[in-house]
Amino acid sequence: MFWGDKRYRSLNYELRNIFGTKTIKLSLDGGFTCPNRDGTVGNRGCIFCGEEGAGEFTSSKKLSIKEQIESQKEFLSKKWPKGKYIAYFQNFTNTYSTYEDLNRKYMDAISQDGVVGLAIATRPDCLLEEVLNLLEKFNEKVFLWVELGLQTIHSKTTKFIRRGYELDCYERAITELNRRNIKVVTHLIFGFSNENREDMLNSVKYIANTNTWGVKFHNLYVQKGTDLCDYYVKNPFYILSQDEYISLVVDSIELLPQNMVIHRLTGDGKKELLIEPRWTLNKLKVLSGIDKELKERNTYQGKRFKLF
Ligand code: SF4
């Protein structure tokens, strides 16, 4: 089974099929915060989250949405001179504001030249009824997906990482988004110190059986400026090797249904902040290692997918 030149359904493949050309994500900072940092749910955020949130590569929030899109387009035009764009609200919790503010920022984004889609990263506990209704409205106007940082299904881990919501909250969110035909992308992290391989693959099996449209796999990063870094210094824990990570990702690809879109197979750590795993800095090597192992095993996405 092949999707273009890959043995899995990549986002690149999927967007090219839908839009007929290279479609590029523009990472934006909408100036939002997070209830897990501002005291509403928690004060210090998830244990791996730094002061800059998830958007190490987003534009400066001092710029307007229009200016951020223009500068991102300009920057990325060296690599991809032509294409269409997805405006990606990446940093912190991008549904955590008033209806009017969200409406204005999303509208600004989709009104720019060449923008054909909208991607919104958020938390499942930040999808109030009026926000869901707003997303439904945008889903009718534009290609939309919503990203949810689940990371793991195991409550022993969610307490340690201070995620701040339980699995049933994610389940309610995905039900509400599915009910409105809004596509969901679920994030998972591999490498939590209290999880073994079976635990990690059980999280994959779980999301393989939810109606999530896409998935992102990340390594657990120990980065300077996070509480996880302080913890690691005092209690060094086992870090997955590159070979272990590749093998885990290939197992995961086999477990996903063939219609699920794989948005990411490994993360983008910031070199100057990254403590471990240092091997992730060579992203191309990790990706080619995954392709190599898929080929050697003569396997592909969905080979071991089971409904349960
Ligand atoms: S939910 Fe996201 S932005 Fe909020 S603390 Fe956790 S990782 Fe950071």
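From a predicted model like this one, the values you see are computed outputs, not experimental measurements.

Each value, and the rule that gives it
- Residues numbered from 1 in each chain as written.
- Predicted model: local features only at pLDDT ≥ 70, side-chain atom pairs only at ≥ 80, totals over all residues.
- Heavy atoms only, no water.
- Near = heavy atom within 4 Å.
- Nonpolar A, V, L, I, M, F, W, Y, C, P; charged D, E, K, R; others polar.
- Axes fitted to C-alpha atoms, helices over the stretch in contact; angles between N-to-C directions.
- Helix = DSSP H or I, 4+ residues; strand = E, 2+ residues; numbered from the N terminus.
- Parallel < 35°, antiparallel > 145°, perpendicular 65-115°, else oblique.
- Left-handed = near helix turned anticlockwise from the far one by under 90°.
- Contact = heavy atoms within 4.5 Å.
- Salt bridge = Lys/Arg side-chain N within 4 Å of Asp/Glu carboxyl O.
- Buried < 20%, exposed > 50% of the residue type's maximum accessible area, 1.4 Å probe, protein only.
- Pairing = 2+ DSSP bridges.
- Right-handed = clockwise from strand over helix to strand, strands pointing away.

Student: Looking at this model, I keep getting lost on the site of the ligand. Mind explaining?
Tutor: In the vicinity of the ligand, the residues found are Cys 34, Asn 36, Arg 37, Gly 45, Cys 46, Phe 48, Cys 49, Phe 92 and Arg 123. The class makeup of the residues in the shell around the ligand is five nonpolar, two polar and two charged.

Student: I would appreciate a short explanation of the packing of helix α7 (residues 197–208) against helix α9 (residues 242–255) in the present structure.
Tutor: Two numbers describe a pair of packed helices, the interaxial angle and the distance between the axes. α9 packs onto α7 with a crossing angle of 30° between their chain directions and a minimal axis gap of 9 Å. For the element pair α7 / α9, the angle class is roughly parallel. As α7 runs across α9, the sense of the crossing is right-handed. For the pair α7 and α9, contact is made by Arg 197, Met 200, Leu 201, Val 204, Lys 205 and Ala 208 and by Glu 244, Ser 247, Leu 248, Asp 251, Ser 252 and Leu 255, respectively. Considering only residue class, the contact of α7 with α9 consists of six nonpolar, two polar and four charged.

Student: Mind showing me how you'd approach the pattern of salt bridges here?
Tutor: Oppositely charged side chains can form a pair if their charged atoms are brought close together. If you walk through the whole model with that rule in mind, you get 22 salt bridges. Between Asp 291 and Lys 6 there is a salt bridge, with its nearest N and O atoms 2.7 Å apart. With Asp 291 in helix α10 (residues 283–296) and Lys 6 in the segment before α1 (11–19), this residue pair connects regions lying 285 residues apart in the sequence. The partly exposed category is assigned to Asp 291, whose relative accessible area is 24%. When its relative accessible area of 21% is taken as the criterion, Lys 6 is described as partly exposed. Note that Asp 199 is salt-bridged to Lys 156, the shortest N-O span being 3.0 Å. Taken together, the positions of Asp 199 in helix α7 and Lys 156 in helix α5 (residues 155–161) put the pair 43 residues apart, joining distant regions of the chain. By relative accessible area, which is 12% here, Asp 199 ends up buried. Given the relative accessible area of 43%, Lys 156 is considered partly exposed. A cluster of three or more residues bridged by salt bridges with shared partners is formed by Arg 197, Asp 251, Glu 254, Glu 293, Arg 297 and Arg 304.

Student: Sorry if this is basic, but what is going on with the pairing of strand β6 (residues 214–219) here?
Tutor: Moving residue by residue along a regular strand, the side chains alternate between the two faces of the sheet. Burial analysis of β6 places six of its six residues in the buried class, the great majority of the element. Residues Gly 214, Lys 216 and His 218 line one face of β6 and the alternating positions Val 215, Phe 217 and Asn 219 line the opposite face, and both faces are buried. Both strand β5 (residues 183–190) and β6 contribute to a ladder of six bridges, which runs parallel. Note that in β6 the partner of Ile 189 across the bridge is His 218. With α7 bridging β5 and the parallel β6, this β-α-β connection has right-handed handedness. Sheet topology places β6 next to strand β8 (residues 261–264); three bridges connect them, and they run parallel.

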